[in-house]
Amino acid sequence: EAGVAQSPRYKIIEKRQSVAFWCNPISGHATLYWYQQILGQGPKLLIQFQNNGVVDDSQLPKDRFSAERLKGVDSTLKIQPAKLEDSAVYLCASSHRTGGYEQYFGPGTRLTVT
Amino acid sequence: AQRVTQPEKLLSVFKGAPVELKCNYSYSGSPELFWYVQYSRQRLQLLLRHISRESIKGFTADLNKGETSFHLKKPFAQEEDSAMYYCALSVGKRGGSNYKLTFGKGTLLTVNP
């Protein structure tokens, strides 16, 4: 089975610019997660979708971050405008369902904000 | 709020030596604990979970609620065990929508030949 796909793999932007990341989960997985992993830290959940609805976005900086999962499959995460502290790896993960099922991670997108 | 602490950023052992990666958590209820692993140039993946009580690649981990710990152990380390290891905690009702993972900062294990 194909794994979680993410693009781009790397992105370098200047502060105040906008950027978008794309994620394609494993086919049939209802739950999709976006994590932010800053260098030297573990992944931190930003937002969780169940199909095309948001389950948890309590740690998403909503003044600059937005995410959507149209049609309950692919998802995009956007940052507008970016700040230096947004430099991180953005991981997408999916699971069959929410609530304790194994999460499968994508390769991540490494964002550098200069 | 729940928290996961991995006190060692780096751990270096020789091949064949025992290895223990420490994980402590803070949560007043009954959490589920996991170990995730990321090998060089690979994706983050689940290694084991405490409810399964199984050994994966020779690794075991026992949940000690009294000490709030979930240390990962292997009696004889192999070079291929070299990787980044993350302990994670999940709270919320199993099967519920508020079930989410909190990760520790990770421990980089290096097994020397």
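What comes next concerns the included structure. (Residues numbered from 1 in each chain as written. Chains lettered and ligands numbered in written order. Predicted model: local features only at pLDDT ≥ 70, side-chain atom pairs only at ≥ 80, totals over all residues. Heavy atoms only, no water.)

The pairing of strands in a sheet comes from backbone hydrogen bonds and takes either a parallel or an antiparallel form. Pairing in this open sheet of 3 strands is antiparallel, and the strands run S3-S8-S7 (chain B) from one edge to the other. Both edges of this open sheet fall to strand S3 (19–21) and strand S7 (60–61) of chain B, since each of them pairs with a single strand only. (Pairing = 2+ DSSP bridges. Helix = DSSP H or I, 4+ residues; strand = E, 2+ residues; numbered from the N terminus.)

With that out of the way, let us pick up the side chain of Ser95 of chain A. Its place among the elements puts Ser95 of chain A in strand S9 (residues 88–95). Setting aside its immediate chain neighbours within four residues, Ser95 of chain A contacts His29, Ala30, Thr31, Tyr33, Tyr101, Glu102 and Gln103 of chain A. (Contact = heavy atoms within 4.5 Å.)

Another point: the pattern of salt bridges. Tallied over the entire structure, the rule returns 5 salt bridges over all chains. Note that Arg64 of chain A is salt-bridged to Asp86 of chain A, the shortest N-O span being 2.5 Å. Taken together, the residues Arg64 of chain A in the loop between strand S6 (53–56) and strand S7 (65–68) and Asp86 of chain A in the loop between strand S8 (75–79) and S9 connect sequence positions 22 residues apart. Its relative accessible area of 11% is what places Arg64 of chain A among the buried residues. The exposure class assigned to Asp86 of chain A is buried, which follows from its relative accessible area of 3%. Across the salt bridge formed by Asp81 of chain B and Lys74 of chain B, the nearest N and O atoms sit 2.8 Å from each other. (Salt bridge = Lys/Arg side-chain N within 4 Å of Asp/Glu carboxyl O. Buried < 20%, exposed > 50% of the residue type's maximum accessible area, 1.4 Å probe, protein only.)

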